[in-house]
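Single-letter residue listing:
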Amino acid sequence: MEHFIINGGKALSGKIRVQGSKNGALPVLAAAVLVKGQCIIHNCPYLTDVDAAVEILKYLGCTVKRESSTLTIDSGTINRYDIPEVLMREMRSSIVFMGSVLGRTGKARMCAPGGCEIGLRPIDLHLSSLETLGVCITNRMGVLECEAPNGIIGAEITLSFPSVGATENIMLASAVSKGTTTVTNAAREPEIDCLADFLNSCGADIHICGDGRVVINGVSSLHGTEHTVLPDRIAAATFVSAAAATNGDILLQSVRPEHLKTVLSVFSDAGSEIEAYGDTIRIKGRGRLRMLRGVRTMPYPGFPTDAQAPVMAAACLADGTSIIVENIFESRFKHAPGLIKMGAKIKIEDRVAVIDGVERLYGARVEATDLRGGSALAVAGFAAQGTTRIYNIHHIDRGYEKFENSFASLGADIIRKSD
Ligand code: UD1
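Below you will find a few notes about this structure. (Residues numbered from 1 in each chain as written. Predicted model: local features only at pLDDT ≥ 70, side-chain atom pairs only at ≥ 80, totals over all residues. Heavy atoms only, no water.)

### A closer look at the side chain of Ser375
- Within the secondary structure, Ser375 is located in helix α12 (residues 371-383).
- By relative accessible area, Ser375 is classed as buried at 0%.
- Side-chain polar atoms of Ser375 contact the side chain of Tyr400, separated by 3.1 Å. (Helix = DSSP H or I, 4+ residues; strand = E, 2+ residues; numbered from the N terminus. Buried < 20%, exposed > 50% of the residue type's maximum accessible area, 1.4 Å probe, protein only. Polar contact = N/O pair within 3.5 Å; in protein donor to acceptor, adjacent residues only side chain to side chain.)

Have a look at this one:
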């Protein structure tokens with residue numbers, strides 16, 4: 001089993017280019033299904049989740065070529081509308097293929113995506129929204145048979161929660177459709193803008209209104225394009241957390257500081273020196289962090305739930321008591337037991353974590369239980385005294401490109417080993 005061995009206690013410093021966004025790339029890859037032509041997509045990170053999306057594209061009949069971080073997808077040859085269970089179970093976000101396959105073929109057959117490690121993650125909002133757009137969905141022993149007998153027809157949809165995936169699925173299903181779809185209380189995450197930019201550059205007519213409304217005027221077809229995926233704000237938040245936890249000095253390049261406002265203000269209030277200009281962020285430790293305030297996860301532009309775990313790792317070493325509230329997912333503190341094993345003082349009560357900062361963490365043998373939780377253990381490991389071994393690192397490989405190389409380039413003593 002592969003694992004990371006980290007000899008901690010070194011301040012991380014240096015420059016690092018932030019990878020393309022996982023959550024930005026996946027819906028864009030799904031969107032390529034809608035296009036009867038060639039899409040060239042730059043800044044696609046090397047991740048197992050991206051590999052899983054490529055496998056789905058190939059299964060559907062697309063030709064996909066990778067050259068460095070550029071994927072070229074030709075969907076002209078699509079000849080299927082089903083996705084087998086084994087591919088759906090690979091990753092949760094395979095659900096966005098439902099909207100794009102329906103938009104392209106008028107049909108889709110797939111099971112619900114893998115039950116996830118951070119909460120129930122139902123897909124009721126995806127399904128009810130697609131039904132509002134004219135899709136008939138039948139659940140046959142766990143397989144969702146979807147069909148739009150009269151095509152996708154524009155409609156008014158109000159989401160009860162601004163679900164990222166449901167907003168993306170609505171955009172994907174209705175980009176090529178009859179009429180206009182208006183989504184109220186849509187997600188406002190930057191990845192939604194990235195998807196709209198991609199679709200609009202293919203000839204779609206989508207407006208992100210800024211007040212939580214997305215208006216999609218259906219068009220009759222989409223053409224090929226070239227697009228660059230936005231930088232990964234969660235990978236950036238992980239580097240920021242590692243710099244703060246180790247009292248380091250890191251310059252992030254190819255990043256959008258405006259997407260990280262809430263994370264940066266938490267660390268700047270806690271004493272880190274932060275400079276953001278152009279597409280760079282520099283974070284420099286100024287001694288021990290003060291307790292972290294304002295970590296209450298919310299839909300964008302609130303504090304991102306995906307950054308909660310690595311930020312908690314830094315909070316473990318802060319001077320004072322930090323309180324973290326997780327409002328998005330119900331089981332997203334699974335990294336806490338690993339951190340406690342390393343010496344952290346954390347109490348969890350439902351969706352609230354109370355972290356009494358300690359002066360030192362100590363290396364331990366820990367297991368990643370999910371993607372961001374895994375990165376939190378690594379952040380703690382970089383700051384801890386002694387050796388940390390992190391198992392189940394396939395979770396980390398889902399979302400971080402060459403994790404150990406990136407952190408080693410910043411001075412971390414980390415290697416990947418297989419037993
Ligand atoms: C996306 C991100 C994930 C991030 C999350 C919240 C991708 C690939 N993943 O996940 O990294 O943590 O946004 O920012 O982009 N919900 C329902 N019913 C639904 C859909 C969602 O109840 O039909 C609930 C979820 O259980 C969760 C909340 O809504 O509690 C947010 O989920 P959602 O925004 O849909 O997250 P994802 O799109 O799955």
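### Things to note about the packing of aromatic side chains
- All chains considered together, the criterion is met by six aromatic pairs.
- Taking 4.8 Å as the distance between ring centres and 45° as the angle between the ring planes, the aromatic pair formed by Phe403 and Phe407 counts as tilted. Placement of the pair is Phe403 and Phe407 together in helix α14 (residues 403-408), with a separation of four residues, close to one helical turn.
- Here the aromatic residues Phe4, Phe239, Phe382, Tyr400, Phe403 and Phe407 are joined through ring pairs into a cluster of three or more. (Phe/Tyr/Trp six-rings, centres within 6.5 Å; stacked < 30°, edge-to-face > 60°.)

### Some details on the sheet that holds strand β16 (residues 280-284)
- One open sheet holds the four strands; their spatial order is β2-β14-β16-β15, and the pairing between them is mixed. Every other strand in the sheet has two partners, leaving β2 (13-17) and β15 (273-277) as the edge strands with one partner each. Between one strand axis and the next, the sheet turns by 10° as a mean value, whatever way the strands run.
- Relative to strand β14 (residues 249-253), β2 runs parallel, the two being bridged by five bridges. (Pairing = 2+ DSSP bridges. Axes fitted to C-alpha atoms, helices over the stretch in contact; angles between N-to-C directions.)

### With respect to empty space enclosed by the protein
- Scanning the model with the defined rule gives two cavities of 30 Å³ or more in all.
- Looking at the largest cavity, its volume works out to about 40 Å³.
- Ser21, Lys22, Asn23, Glu191, Asp232, Arg233, Ile234 and Arg372 are the residues that line the largest cavity.
- Put simply, the parts of the chain that give the lining of the largest cavity at least two residues each are α1 (22-31) and α8 (233-246).
- Empty space within the second largest cavity amounts to approximately 30 Å³.
- The residue makeup of the lining of the second largest cavity, split by class, is four nonpolar, four polar and two charged. (1 Å grid on protein atoms, 1.4 Å probe; cavity = no way out; pocket = protein on both sides within 12 Å on 5 of 7 lines; lining within 4 Å. Points joined across faces, edges and corners; volume = space filled by probe spheres on them. Nonpolar A, V, L, I, M, F, W, Y, C, P; charged D, E, K, R; others polar.)

### Notes on the site of the ligand
- The environment of the ligand is formed by 18 residues, the closest being Asp124, Leu125, Ser163, Asp306 and Ile328.
- The side chain of Asn23 places a nitrogen or oxygen atom 3.0 Å from an oxygen atom of the ligand.
- Protein coverage of the free-state accessible area of the ligand, which is 740 Å², stands at 87%.
- Of all the cavities here, the one that holds the ligand is the largest pocket.
- Counting only elements with at least two residues in the shell around the ligand, the list comes to α5 (124-132), α6 (164-174) and α10 (305-315).
- Here the shell around the ligand gets three residues from one element, more than from any other, and that element is α5. (Near = heavy atom within 4 Å. Areas by Shrake-Rupley, 256 points an atom, 1.4 Å probe, with all protein chains shown as cover. Sits in = over half its atoms within 2 Å of the grid points.)

### So, the packing of α5 against α6
- Interhelical geometry of α5 versus α6 gives an angle of 25° and a closest axis separation of 8 Å. Classified by the interaxial angle, the pair formed by α5 and α6 is roughly parallel. Two packed elements cross with a definite hand, and for α5 against α6 that hand is right-handed. Facing α5, whose interface residues are Leu125, His126, Ser129 and Leu130, α6 presents Gly165, Ala166, Asn169, Ile170 and Ala173.
- Within the contact of α5 with α6, the residues separate by chemical class into five nonpolar, four polar and no charged. (Parallel < 35°, antiparallel > 145°, perpendicular 65-115°, else oblique. Left-handed = near helix turned anticlockwise from the far one by under 90°. Contact = heavy atoms within 4.5 Å.)

### Considering the nonpolar core
- Among the nonpolar cores identified, the biggest contains 78 residues, and Leu29, Ile41, Phe97, Met98, Leu199 and Leu222 are the most heavily contacted of them.
- It is helix α2 (residues 48-60) that provides the largest number of residues to this core, a total of seven residues.
- Residues Leu289, Ala315, Leu361 and Ile390 belong to the second largest nonpolar core, which totals 72 residues. (Core = buried A, V, L, I, M, F, W, Y, C linked by side-chain atoms within 4.5 Å.)

### Re the sheet that holds strand β3 (residues 38-42)
- The strand order across the open sheet built from four strands is β4-β5-β3-β13, with neighbouring strands paired in mixed fashion. Since the sheet does not close on itself, it has two edges, and those belong to β4 (63-67) and β13 (225-228), each with one partner. Averaged over neighbouring strand pairs, the angle between their axes works out to 15° when direction is ignored.
- Bridging between β3 and β13 involves four bridges; their strand directions are parallel.

### Examining the pattern of salt bridges
- Taken as a whole, this structure holds 15 salt bridges when the rule is applied.
- One salt bridge in this structure joins Arg332 and Asp306, with 2.7 Å as the shortest N-O distance. Of the two residues, Arg332 is situated in the loop between β18 (321-325) and α11 (336-341) and Asp306 in helix α10; the sequence distance between them amounts to 26 residues.
- Among the salt bridges present, the one from Arg416 reaches Glu404, with a minimum N-O distance of 2.7 Å. (Salt bridge = Lys/Arg side-chain N within 4 Å of Asp/Glu carboxyl O.)

### Describing the environment of Ile208
- Take Ile208: it is sitting in strand β11 (residues 205-208).
- Note on Ile208: relative accessible area 34%, which makes it partly exposed.
- Those residues within four positions of Ile208 in sequence are excluded, and the remaining contacts are Met171, Ile192, Asp193, Ala196, Arg213 and Val214.

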